[in-house]
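# Structure assessment
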Amino acid sequence: MKRVIVSACLLGINCKYNGGNNRDPLIVELFRRGIAVPLCPEQLGGLPTPRPPAKITEGDGFSVISGKAKVKTVDGSDLDVTENFLKGAYETLYVAELFKDSCVACILKEKSPSCGVRKIYRFENDDLKDGRGVTAALLSSKGFKILPSEDRESIEKLIEEIDE
Ligand code: SF4
């Protein structure tokens, strides 16, 4: 059985920082077929829901993993949540490695400081920048194929390959 790790919010689970979700019918269908494995790194890292929004201070998720950057809340509380983000990334990696032989990809929510694959928000303003979230960086550094939730063409191609 092939497996795909997915950001849990894409399944419709209300795990977003604001208590909402990013339900995606394609991900729901993968879950109904027993293929999608939903995980929320920020919840796995011990953060509550709802929770204050957070951003990476500089660089991207790779910088956080190497200790060169932090993750801080941006609601004015200026809390350092770096350890939570790292814990969530390593817990997600733990599950992905349990499925190492059957995990064909990880479909992750774009623009998130945990799950963003190509884009994350800048700490200092609301501009998008190129870069990976902490979990996306860790999974890709360990050899897992990661796809951004917005790359519909690649996701549809992946589903075709699963069906072959
Ligand atoms: Fe959780 Fe990732 Fe979705 Fe954020 S983007 S709610 S960390 S699964």
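One numbering rule holds for all chains: residues counted from 1, following each sequence as written. The model is predicted, so local features are restricted to residues of pLDDT at least 70 and side-chain atom pairs to those at 80 or more, both for listing and for counting; the totals for chains, interfaces and linings are taken over all residues. Side-chain measures here rest on the full set of heavy atoms in the structure, leaving out hydrogens and waters.

### Overview of helix 6 (residues 152–163)
A run of H or I in DSSP counts as a helix once it spans at least four residues, and a run of E counts as a strand once it spans at least two, with each numbered from the N terminus. By definition here, a helix of n residues has an expected span of 1.5 Å times n minus one. Its 12 residues place the ends of helix 6 17 Å apart at the C-alpha level, agreeing with the 16 Å of an ideal helix rising 1.5 Å per residue. Taken together, the buried positions of helix 6 are occupied by Ile155, Leu158, Ile159 and Ile162. Here the buried residues of helix 6 occupy an arc of 100° about the axis, which is enough to place them on one side. Every exposed residue of helix 6 that faces more than 90 degrees away from the buried side is listed here: Glu153, Lys157 and Glu160. Looking at the buried residues of helix 6, the elements they touch are strand 1 (3–7), helix 1 (25–32), strand 5 (103–108) and strand 8 (146–148). Only protein chains enter the accessibility calculation, which uses a 1.4 Å probe; a residue is then buried when its area is under 20% of its type maximum, exposed when over 50%, and partly exposed in between. To be clear, the arc concerns the directions from the helix axis to the C-beta atoms. Every residue pair with non-hydrogen atoms within 4.5 Å of one another is taken to be in contact.

### Here we look at the pairing of strand 1
A large share of strand 1 lies buried, amounting to 4 of its 5 residues. Bridge analysis of strand 1 against strand 5 gives 4 bridges, and the strand direction is parallel. Looking across to strand 5, one finds that Arg3 is bridged to Cys103. In this analysis, strands are considered paired if DSSP registers two or more bridges between them. Inspection of the sheet shows strand 1 paired to strand 2 (residues 36–39) by 4 bridges, in the parallel sense. Looking across to strand 2, one finds that Ser7 is bridged to Leu39. The handedness rule is simple: strands pointing away from the viewer, and a clockwise path from the first strand over the helix to the second, make the crossover right-handed. A crossover links strand 1 with its parallel partner strand 2, the connecting element being helix 1, and its sense is right-handed.

### Considerations on the site of the ligand
The environment of the ligand is made up of 14 residues, and the closest members are Cys9, Cys15, Cys40, Glu42 and Cys115. Residues of the shell around the ligand, tallied by class, amount to 7 nonpolar, 3 polar and 4 charged. Note on terminology: near, applied to a residue and a molecule or strand, indicates that one of the residue's heavy atoms is within 4 Å of it. Note on residue classes: Ala, Val, Leu, Ile, Met, Phe, Trp, Tyr, Cys and Pro are nonpolar, Asp, Glu, Lys and Arg are charged, and everything else, Gly too, is polar.

### A look at helix 4 (residues 82–98)
Over its 17 residues, helix 4 extends 25 Å from the first C-alpha to the last, a length consistent with the 24 Å expected when each residue adds 1.5 Å. Among the residues of helix 4, Thr82, Phe85, Leu86, Gly88, Ala89, Thr92, Leu93, Val95 and Ala96 are the ones counted as buried.

### Regarding unusual backbone geometry
Cis geometry marks the peptide bond from Thr49 to Pro50; its omega dihedral reads -5°. Within the secondary structure layout, Pro50 lies in the loop between helix 2 (41–44) and strand 3 (54–56). One non-glycine residue, Asp78, lies in positive phi territory at about 55°. Structurally, Asp78 can be placed in the loop between strand 4 (71–73) and helix 4. For Asp78, a relative accessible area of 46% puts it in the partly exposed group. With a phi angle near 80°, Lys111 is a residue other than glycine that sits in the positive phi range. One can find Lys111 in the loop between strand 5 and strand 6 (119–121).

### Section: the packing of helix 4 against helix 5 (residues 134–141)
Axes, fitted as lines to C-alpha atoms, cover a helix only where it is in contact. Angles between the N-to-C directions of the axes lie from 0 to 180 degrees. One way to put it is that helix 4 packs onto helix 5 with a least axis distance of 9 Å and a crossing angle of 40°. Judged by the angle between their axes, helix 4 and helix 5 are oblique. Two packed elements cross with a definite hand, and for helix 4 against helix 5 that hand is right-handed. Where helix 4 approaches helix 5, its residues Phe85, Leu86, Gly88, Ala89, Tyr90, Thr92, Leu93 and Ala96 are matched on the opposing element by Val134, Thr135, Leu138 and Leu139. When its residues are assigned to classes, the contact of helix 4 with helix 5 shows 9 nonpolar, 3 polar and no charged. Between 65 and 115 degrees an angle is taken as roughly perpendicular, under 35 as roughly parallel, over 145 as roughly antiparallel, and anywhere else as oblique. The crossing is said to be left-handed when, going from far helix to near helix, the turn is anticlockwise and less than a right angle, and right-handed when the turn is clockwise.

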